[in-house]
Amino acid sequence: SMKIVILYGPPAVGKFTVAKELAKLTDFKILDNHLTVDLLCSIFNFGENQFFALSQKIRLDLVEAASKKGINGLILTFCYSYPEDNSFIRKLLRISDKYNGTIQFIQLISDRDCLLTRVCSKSRKLKGKIRSKKELELVLKKWNMFLKIPFVESHYINNSKITAKKKAQKIIQNISP
């Protein structure tokens, strides 16, 4: 049965950086949010028409295929927006239950100033992510990305001051045996 770790939080909080450290400490695969975003942006403009529905369908199909294949673990990075993403989370829970898997929800949070500093980093530019303070402010105004998912248990990690490696070690302590 597959273990799923969902790292969620606003853009620039460090989800992918923590995911890479966590993958080094486990044999888990990473399904980064930007893989599906980049794929869809090669055809559609971000957010248009069925963009989010397609993105969710692709992710759910990949999680189900990985569960069927018997992959040991999967790390998903995700910008959770309340309430728009609740149905996606419920579908993930159903897939996990169907294959007797477990899901660990980890909310990464940083203060706004820290996010606004990180958003300008070189690594974000290389990956085609949001990379300006103005762009980030617009996203944070449009979507509510600081709330905990209300119907699941989440571990909360403030990502402002500890290293990604330390966060990954902390997460491993919380992963169900």
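The next subject is the environment of Leu7. Here Leu7 lies in strand 1 (residues 3-8). Spatially, the C-alpha atoms of Leu7 and Asp32 are 9.6 Å apart, while their sequence positions differ by 25 residues. Excluding its chain neighbours within four sequence positions, the residues that come into contact with Leu7 are Lys15, Val18, Ala19, Ile75, Leu76, Thr77, Phe78, Ile106 and Ile171.

This brings us to helix 8 (residues 164-174). Those residues of helix 8 that sit buried are Ala164, Lys167, Ala168 and Ile171. Along the axis of helix 8, the buried residues cluster in a sector spanning 100 degrees; they form a single face. Turned more than 90 degrees away from the buried face of helix 8 sit Lys166 and Gln173, all of them exposed. Close packing links the buried residues of helix 8 with strand 1, helix 1 (15-25), strand 4 (102-109) and strand 5 (154-158).

Turning to unusual backbone geometry, a few remarks are in order. In this structure, Pro83 follows Tyr82 across a cis peptide bond, with omega equal to 0 degrees. Tracing the sequence through the fold places Pro83 in the loop between strand 3 (73-78) and helix 4 (86-98). Positioned with a positive phi, Ala12 is a non-glycine residue whose angle comes to about 75 degrees. Tracing the backbone through its elements, the reader meets Ala12 in the loop between strand 1 and helix 1. Residue Ala12 is classed as buried on the basis of its relative accessible area of 5%. We note that Asn100 has phi near 55 degrees; this positive angle belongs to a residue other than glycine. For Asn100, the position within the fold is in the loop between helix 4 and strand 4. Using a relative accessible area of 61% as the deciding quantity, one classes Asn100 as exposed.

Moving on, we come to the packing of aromatic side chains. One pass over the structure, following the stated rule, counts seven aromatic pairs. Taken together, a centroid distance of 6.4 Å and an interplanar angle of 55 degrees make the contact between Phe78 and Tyr80 tilted. Each ring, one from Phe78 and one from Phe88, has its centre 5.1 Å from the other, and the planes form 50 degrees; the classification is tilted. On the criterion of sequence distance, the pair formed by Phe78 in strand 3 and Phe88 in helix 4 is long-range, its members being 10 residues apart. With respect to burial, Phe78 and Phe88 carry one shared label: buried.

Our focus in this paragraph is the nonpolar core. If you look at soluble globular proteins, the nonpolar side chains tend to sit buried side by side. Counting 22 residues, the largest nonpolar core has Val5, Leu7, Leu22, Ile75, Ile106 and Ile171 as its most contacted members. Every element with two or more residues in this core is listed here: strand 1, helix 1, strand 4, helix 5 (112-118), helix 7 (133-142) and helix 8. With four residues, helix 1 is the largest single contributor of residues to this core. Counting residues in hydrophobic clusters, the runner-up holds 20 residues, among them Ile4, Ile6, Tyr8 and Ile149.

Rules behind the numbers
Chains are numbered independently. Their residues run from 1 in the order of the written sequence. Two thresholds apply to this predicted model, a pLDDT of at least 70 for residue-level local features and 80 or more for giving and counting side-chain atom pairs, whereas whole-chain, interface and lining totals are computed over all residues. In computing side-chain properties, one takes all heavy atoms of the structure into account and sets aside hydrogens as well as water. A helix here means a DSSP run of H or I that spans at least four residues, while a strand means a run of E at least two residues long, and both kinds are numbered starting from the N terminus. In what follows, residue pairs with any heavy atoms lying within 4.5 Å of each other are defined as contacts. The classification of residues rests on relative accessible area computed with a 1.4 Å probe and restricted to protein chains. Under 20% of the type maximum is buried, over 50% is exposed, and intermediate values are partly exposed. Picture the helix axis, draw a direction to every C-beta atom, and the arc is the one those directions span. Note on aromatic contacts: the rings of Phe and Tyr and the six-membered ring of Trp form a pair at centre separations within 6.5 Å, being stacked when their planes are under 30 degrees apart, edge-to-face when over 60 apart, and tilted otherwise. For the purposes of this section, nonpolar cores are sets of buried Ala, Val, Leu, Ile, Met, Phe, Trp, Tyr and Cys residues that join through side-chain atoms within 4.5 Å.

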